[in-house]
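Analysis of the macromolecular model
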Amino acid sequence: MKQDYDPTELLAYVAAGLLEDDKSVFVGTGLPMIAAMLAQRTHAPNLLIVFEAGGIGPQVPVLPISVGDSRTFYRAVAASSMHDVMSASQAGYLDYGFLGAAQIDPYGNLNTTVIGEWSAPQVRLPGSGGANDVGSLCWRTIVVMRQDRQRFVERLDFLTTPGYLDGPGARERAGLPAGSGPYRVITQLGLYGFDATSRRMTLLATHPGVTVENVQAQSGFELLVPAEVETSEPPPPEVCRILREIDPTGMVIGK
Amino acid sequence: MDVLQAGQGQLVGWHDPDEHRAWVATHKSRALKDKRTTVRQAIANYVTDGALLACGGFGHIRVSMAAIYEIVRQHKRDLTLCGKTAVHDSDILIAAGCVRRIEVAYAFGHELRGLSPASRRAVESGRCQVVAEISNAGYQWRFLAAAMGLPFIPTRVMLGTDTLAHSSARVVQDPFSGKPIALLPACYPDVVLMHVHRCDRCGNAQIDGIVIEDFELARAARRLIVTTEEIVDEEVIREQPWRTLIPYYLVDAVVAAPYGAHPALMPGHYYFDEEHIGEWLRLSKTDEGVAEYLDKYVYGVEDLAEYLELIGGQEQMEYLRQVELLQTPLRTPRPEESA
């Protein structure tokens, strides 16, 4: 299908749409940053963006390369510390957490540590970083990642970051903060939520030109599919323009 | 208190709090004295083979690369590294064969730039062993417990995950709420390298911008080597004492190292040198490339001044200053060159 936007622009647009004004979001490197910056430049000017290295409430001028980049505290309300930001998250101040991942399972648990055996890795990935903290402590976790059968898996090679663990009530039984957990997953194919009863991943919307069959074919586990599945709205030209302004060198957009 | 779960990761850097107090009493001087030295002397004095090493800063932010290069130059071996968002520092140290073991919160990656070819090779082949997993908050709270002189600190991260199962944390039932809670053991690195904006000759140090976890880490360190963009008069410190993040009694060595974080970012002073980092990522795809890089930028130069000439001298640092201050756009290497 012919389209006048880049697939990462659609991802950023859908992701930004989930963030509300006057709420707080804890963002990781890459697309999460772009989505938060886009939201702040469009419908959510008072979105409180928080970075793990201590940037609090910045007006990010251009895409930071790192979550500790000076851009993460540009015109911020505070240049603070990891202890401050992580403590605020633990105390319930962070509404949204925004993460990427290498693998996800039906309960929204994430792997960013290892592909293969932990003791004899096929591919050693960076590890938790702040992901476990964000997934443990923020009220609602949003995950943005590529979807295929190797990434959407029934069983993770390593459970780095908690989603709903093995189902309803498991987070609370493990001692994680009550009422927190995965909220949405965004991929190049669709938007997903989690069933309120089973806590399993549920399709909410497919992107333009994508069918429910396509989405299921690119998942290693069975997705719940409700009777009504929406179609994502493509990013308008104005949004694409802002996105290129955010990432002028094309580090994320266009990749 | 019953232990509900014990992580199977190796416990690194832990000391009984009384043992640590006794060590502090005999090893950390309270004398307000001149601690200026050279990076060569500081590394020779305080970084011993087999030590547990941690670096201040974060990823490619405010990392004491001057001290890292010197560790490589002095062929230190069998280090255990705190992989607390250890990125360029750990990649260079692992590639150079200085590191035997690492506890990982975040390592082997360069954030947006992709994975670290050299570190991944070392870990996937067993040359460097991952001894435990942890999260970023978990690591800084291990340092907080040490800074407080406590054996552990309770937190609500890592619960229910393989990260905890492979960590050195333990889960107990909180006697107040009755809920499971993770206890993170204190971590006292044998030596910490930290790059700051300015400090006086005794080590009273200021950092501009985010402090990341350096407040806690400086206080958890047994030996603390401070490299600084600038050494200022004691009066500068005393005029604004509220700006002192690290008081002198925590510091063992003070090293003047202007531009000593290159190619990392120094907030307000200079941005990441993406071309240099790109060169490293390209060369480090092979062991031969690693050797070429180290020969050129580490073994082949006498000191920081020679290194800075090699990377483009004052002209390059002025360009990086302008990028940092958003006065000029960033030149990035083509993705195919750095990927």
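Since this is a predicted model, take the numbers as computed values, not measurements.

Below, the discussion takes up the sheet that holds strand β7 (residues 170–173) of chain B. All names here are of chain B. Taken together, four strands build an open sheet; the order of strands is β1-β7-β8-β6 and the sheet is antiparallel. Taken across any chain shown, the strands that pair with only one partner, and hence form the sheet edges, are β1 (3–6) and β6 (152–155). The mean angle between the axes of side-by-side strands here comes to 30 degrees, regardless of whether they run parallel or antiparallel. Bridge analysis of β7 against strand β8 (residues 180–185) gives four bridges, and the strand direction is antiparallel. Looking at the pairing, Q173 lines up with P180 of β8. Where helix α6 (residues 136–147) meets the sheet, its contacts fall on β6 and β8, and the angle it forms with β6 comes to roughly 140 degrees.

Residue and element names in this part refer to chain A. Relative to the assigned elements, S81 resides in the loop between β4 (78–79) and α3 (82–90). Residue class for S81 comes out buried when judged on its relative accessible area of 11%. In terms of polar contacts, S81 uses its side chain to reach the backbone amide nitrogen of D84, at 3.2 Å.

Below, the discussion takes up the packing of aromatic side chains. Residue and element names in this part refer to chain B. This structure, assessed with the given rule, holds twelve aromatic pairs over all chains. Measuring from centroid to centroid gives 6.2 Å for Y297 and Y307, while their planes differ by 75 degrees, and the two rings are edge-to-face. Placement of Y297 in helix α11 (residues 287–299) and of Y307 in helix α12 (residues 304–310) is noted, with a sequence separation of ten residues between them. Note on Y307: relative accessible area 1%, which makes it buried.

What follows covers the layout of surface pockets. Size it by volume and the largest pocket reaches roughly 1600 Å³. Together, 50 residues line the largest pocket, and A:T29, A:G100, A:A101, A:V144 and B:E111 are the ones closest to its centre. Every element with two or more residues in the lining of the largest pocket is listed here: α1 (7–17), β1 (24–27), α2 (31–41), β5 (96–99) and α4 (131–137) of chain A. Looking at the lining of the largest pocket element by element, the count peaks at three residues for α1(A). Among the residues making up the lining of the largest pocket, the classes are represented as 25 nonpolar, 19 polar and six charged.

With that settled, the discussion passes to the side chain of B:S116. Residue and element names in this part refer to chain B. In this structure, S116 sits in the loop between β4 (99–104) and α5 (117–124). A distance of 3.3 Å separates polar atoms of two side chains, one belonging to S116 and the other to H110. Those residues in contact with S116, other than ones at most four positions away along the chain, are D91, F108, G109 and H110.

Take the interface of chain B and chain A next. Much of the literature gives interface size as the accessible area that the parts lose upon coming together. If you look at the interface, chain B gives 55 residues, while chain A gives 59 residues. Across the chain B/chain A interface, buried area totals approximately 4400 Å², and carbon plus sulfur atoms make up 62% of it. There are two salt bridges connecting chain B and chain A. Remark: the boundary between chain B and chain A carries 29 residue pairs in polar contact (both at pLDDT 80 or more). At the level of elements, α5, β5 (129–133), α6, α7 (162–165) and α13 (313–324) of chain B are the ones that each hand at least two residues to the side of chain B that touches chain A. It is α6(B) that contributes the most residues to the side of chain B that touches chain A, six residues altogether.

Residue and element names in this part refer to chain B. Where helix α3 (residues 65–73) contacts helix α4 (residues 88–95), the two axes come as close as 10 Å, and the packing angle between them is 10 degrees. Relative to α4, the element α3 lies roughly parallel. Listed contacts from α4 to M65, I68, Y69, I71 and V72 of α3 are H88, D89, I92 and L93. By residue class, the composition of the contact of α3 with α4 is seven nonpolar, one polar and one charged.

Bringing the pattern of salt bridges into the picture now. Under the criterion given, the structure shown has 25 salt bridges over all chains. Across the pair A:E245 and A:R241 runs a salt bridge, and its minimum N-O distance is 2.9 Å. Of this pair, A:E245 and A:R241 both sit in helix α7 (residues 237–246), four residues apart, which is roughly one turn of the helix. On the basis of relative accessibility, which here comes to 43%, the residue A:R241 falls in the partly exposed class. Here B:D287 makes a salt bridge to B:R127, at a shortest N to O gap of 3.9 Å. Remark: B:R127 occurs in the loop between α5 and β5 and B:D287 occurs in helix α11; sequence separation between them is 160 residues. When its relative accessible area of 40% is taken as the criterion, B:D287 is described as partly exposed.

Now for empty space enclosed by the protein. All names here are of chain B. For the coordinates displayed, the defined rule picks out one cavity of 30 Å³ or more. Taken as a whole, the largest cavity holds about 50 Å³ of empty space. Taken together, V39, A66, Y69, R73, D303, L304 and Y307 form the lining of the largest cavity. For the lining of the largest cavity, the secondary-structure elements that each account for two or more residues are α3 and α12.

Attention now goes to the state of the cysteines. Residue and element names in this part refer to chain B. Under the definition given, this model contains zero disulfides over all chains. Of all cysteine sulfurs, the one in C82 lies closest to C187, which takes part in no disulfide; the gap is 4.3 Å. Judged by relative accessible area, C187 falls into the buried class, the value being 0%. Free of any disulfide, C199 has its nearest cysteine sulfur in C202, 9.2 Å distant.

Basis of the calculations
Residues numbered from 1 in each chain as written. Chains lettered and ligands numbered in written order. Predicted model: local features only at pLDDT ≥ 70, side-chain atom pairs only at ≥ 80, totals over all residues. Heavy atoms only, no water. Pairing = 2+ DSSP bridges. Helix = DSSP H or I, 4+ residues; strand = E, 2+ residues; numbered from the N terminus. Axes fitted to C-alpha atoms, helices over the stretch in contact; angles between N-to-C directions. Contact = heavy atoms within 4.5 Å. Buried < 20%, exposed > 50% of the residue type's maximum accessible area, 1.4 Å probe, protein only. Polar contact = N/O pair within 3.5 Å; in protein donor to acceptor, adjacent residues only side chain to side chain. Phe/Tyr/Trp six-rings, centres within 6.5 Å; stacked < 30°, edge-to-face > 60°. 1 Å grid on protein atoms, 1.4 Å probe; cavity = no way out; pocket = protein on both sides within 12 Å on 5 of 7 lines; lining within 4 Å. Points joined across faces, edges and corners; volume = space filled by probe spheres on them. Nonpolar A, V, L, I, M, F, W, Y, C, P; charged D, E, K, R; others polar. Buried area = accessible area lost by both parts, 1.4 Å probe. Salt bridge = Lys/Arg side-chain N within 4 Å of Asp/Glu carboxyl O. Parallel < 35°, antiparallel > 145°, perpendicular 65-115°, else oblique. Disulfide = S-S within 2.5 Å.

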